[in-house]
Amino acid sequence: MKIRKAVFPVAGLGTRVLPATKAMPKEMLTIVDRPLIQYVVDEAKEAGIEHFIFVTGRNKGVIEDHFDRMFELDETLKNRGKKAEQELLAQFQPEAGAMSFTRQQAPHGLGHAVWCARDIVGDEPFAVVLPDELVLNNPGCLAQMIAAAEALGPKSNLIAVEEVPHDMTHNYGICGVGDRHQTGNMFKVDGMVEKPPKGTAPSNFSITGRYILQPEIFKILETQERGSGGEIQLTDAMIGLSKTQHFYGVEFEGERHDCGSKAGFLRANIAYGMARPELRDGLRAEMKRYLKE
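Residues numbered from 1 in each chain as written. Predicted model: local features only at pLDDT ≥ 70, side-chain atom pairs only at ≥ 80, totals over all residues. Heavy atoms only, no water.

The topology assignment puts Ser206 in strand 11 (residues 205–213). Given the relative accessible area of 1%, Ser206 is considered buried. Setting aside anything within four residues of it in sequence, one finds Ser206 in contact with Ala160, Val161, Glu162, Val164, Tyr172, Gly173 and Ile174. (Helix = DSSP H or I, 4+ residues; strand = E, 2+ residues; numbered from the N terminus. Buried < 20%, exposed > 50% of the residue type's maximum accessible area, 1.4 Å probe, protein only. Contact = heavy atoms within 4.5 Å.)

Our next topic: the pattern of salt bridges. What the rule picks out here adds up to 17 salt bridges. For Glu216, the salt bridge is made with Lys155, and the minimal N-O distance between the two is 2.5 Å. Placement of Glu216 in the loop between strand 11 and helix 8 (217–222) and of Lys155 in the loop between helix 7 (141–152) and strand 8 (156–163) is noted, with a sequence separation of 61 residues between them. Residue classification places Lys155 among the partly exposed residues on the basis of a relative accessible area of 41%. The partner of Glu162 in a salt bridge is Arg256, and the shortest N-O contact between them spans 2.9 Å. Of the two residues, Glu162 sits in strand 8 while Arg256 sits in strand 13 (residues 255–258), which places them 94 residues apart along the sequence. (Salt bridge = Lys/Arg side-chain N within 4 Å of Asp/Glu carboxyl O.)

Turning next to the layout of surface pockets. Considering only enclosed or pocket space, the largest pocket measures out at about 1200 Å³ in volume. Arg16, Leu110, Leu130, Asp132 and Glu231 are the residues nearest the centre of the largest pocket, which is lined by 39 residues in total. Counting residues per element, the ones that place at least two in the lining of the largest pocket are helix 5 (110–115), strand 11, helix 9 (234–241) and strand 13. Residue contributions to the lining of the largest pocket peak at four residues, all from strand 11. Grouping the amino acids of the lining of the largest pocket by side-chain chemistry returns 14 nonpolar, 15 polar and 10 charged. By volume, the second largest pocket is sized at about 500 Å³. (1 Å grid on protein atoms, 1.4 Å probe; cavity = no way out; pocket = protein on both sides within 12 Å on 5 of 7 lines; lining within 4 Å. Points joined across faces, edges and corners; volume = space filled by probe spheres on them. Nonpolar A, V, L, I, M, F, W, Y, C, P; charged D, E, K, R; others polar.)

The biggest cluster of nonpolar side chains holds 45 residues, and the ones touching the most others in it are Phe8, Ile31, Ile37, Phe52, Phe54 and Leu158. Considering every element that reaches this core, the biggest residue donor is helix 7, with eight residues. Each residue touching Ile31, except ones within four places of it in the same chain, is listed here: Leu36, Tyr39, Leu134, Cys259, Phe265, Ala268, Asn269 and Tyr272. Grouped together as the second largest cluster of nonpolar side chains are 30 residues, Ala117, Cys175, Ala237 and Phe247 included. (Core = buried A, V, L, I, M, F, W, Y, C linked by side-chain atoms within 4.5 Å.)

Moving on: the pairing of strand 1 (residues 5–9). For strand 1, a buried count of five out of five residues is recorded, marking the element as mostly surrounded by other parts of the structure. Residue alternation in strand 1 divides its side chains into two sets, Lys5, Val7 and Pro9 and Ala6 and Phe8, and both sets are buried.

Time to look at the packing of helix 10 (residues 262–274) against helix 11 (residues 277–292). The relative placement of two packed helices is expressed as an angle between their axes plus a distance between the axes. Interaxial distance between helix 10 and helix 11 falls to 8 Å at its minimum, and their mutual angle equals 135°. When the axes of helix 10 and helix 11 are compared, the pair comes out oblique. Of the residues in helix 11, those in contact with Ile270, Gly273 and Met274 of helix 10 are Leu279, Arg280, Leu283, Arg284 and Met287. Along the lines of polarity and charge, the residues of the contact of helix 10 with helix 11 split into five nonpolar, one polar and two charged. (Axes fitted to C-alpha atoms, helices over the stretch in contact; angles between N-to-C directions. Parallel < 35°, antiparallel > 145°, perpendicular 65-115°, else oblique.)

Bringing the packing of helix 3 (residues 71–79) against helix 4 (residues 83–92) into the picture now. Their axes nearest at 8 Å, the elements helix 3 and helix 4 cross at an angle of 150°. Accordingly, the angle class assigned to the pair helix 3 and helix 4 is roughly antiparallel. As helix 3 packs across helix 4, the resulting crossing turns out to be left-handed. Contact residues: Leu73, Asp74, Leu77 and Lys78 in helix 3; Glu85, Gln86 and Leu89 in helix 4. (Left-handed = near helix turned anticlockwise from the far one by under 90°.)

Considering all chains together, one arrives at seven aromatic pairs under this definition. The interplanar angle of 25° and the centroid separation of 6.3 Å between the aromatic rings of Phe8 and Phe52 together place this pair among those described as stacked. Of this pair, Phe8 sits in strand 1 while Phe52 sits in strand 4 (residues 51–56), and the two are 44 residues apart along the sequence. Centre to centre, the rings of Phe54 and Phe101 are 4.8 Å apart; their planes meet at 10°, and the pair counts as stacked. Here Phe54, found in strand 4, pairs with Phe101, found in strand 5 (residues 99–103); they are 47 residues apart in sequence, far enough to count as distant. You can call Phe54 buried: its relative accessible area is 0%. Judged by its relative accessible area of 27%, Phe101 is partly exposed. Counting every residue linked through ring pairs, the aromatic cluster contains Phe8, Phe52, Phe54, Phe67 and Phe101. (Phe/Tyr/Trp six-rings, centres within 6.5 Å; stacked < 30°, edge-to-face > 60°.)

Listed below in structure tokens is the structure:
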């Protein structure tokens, strides 16, 4: 079945980048000239996603406004002859009815946020995209995963994975490595654990912010007990689902940026700025000047 829907959990408080996120959603922090949420929505569009589902919380209304049409702005740009700016905004405008918004009314964790989208997703496989993780690559990470899902066939679940230093595995969800798939960049997941104690991780492959899941995950999340951090963890529900369905790790191509941390956010701005031909030379010159000083 074609993967048509993607869930974007955007209800988090963004505590790692305070005070910037005290009054502004972290998903609206800008990388170069567009907010984080725009990058991941564009990644999903490129992958063929047709319906974008946002699980929001308090003070997140600006995300919905960002994807709405602003008549005053359109008219001002039109009257001033700013055709290029009009075309740029039109490029990012979603089709009517392509976006849905639902509320996670309390911070119960990623697993609970995904469960809140159950009625909108329905009985079909879907993607989960964490907006504070960007992957710089063409094709995008989600497009790579959907291609992998098509190669695997029905009733398969996929997780984007990348290697991390062995002494850092206690900071991540980690998956065990089973048999390699014939395509080479996939392996069968042999167990998962959320933030294992130091020295106990089954591998150094971390679970990153892109998933393709079967709808049976919702039944498990419905009764999922709280796990690490006192939250309902998506990893714990995936462990439950792995007892009846296969999970595969996809080693994606691209440069991952954790924009939920201050250092990662700054690094992403540099990386995405250098990836823009019209900005690269000026940015490089500014960085050289700053380093000399």
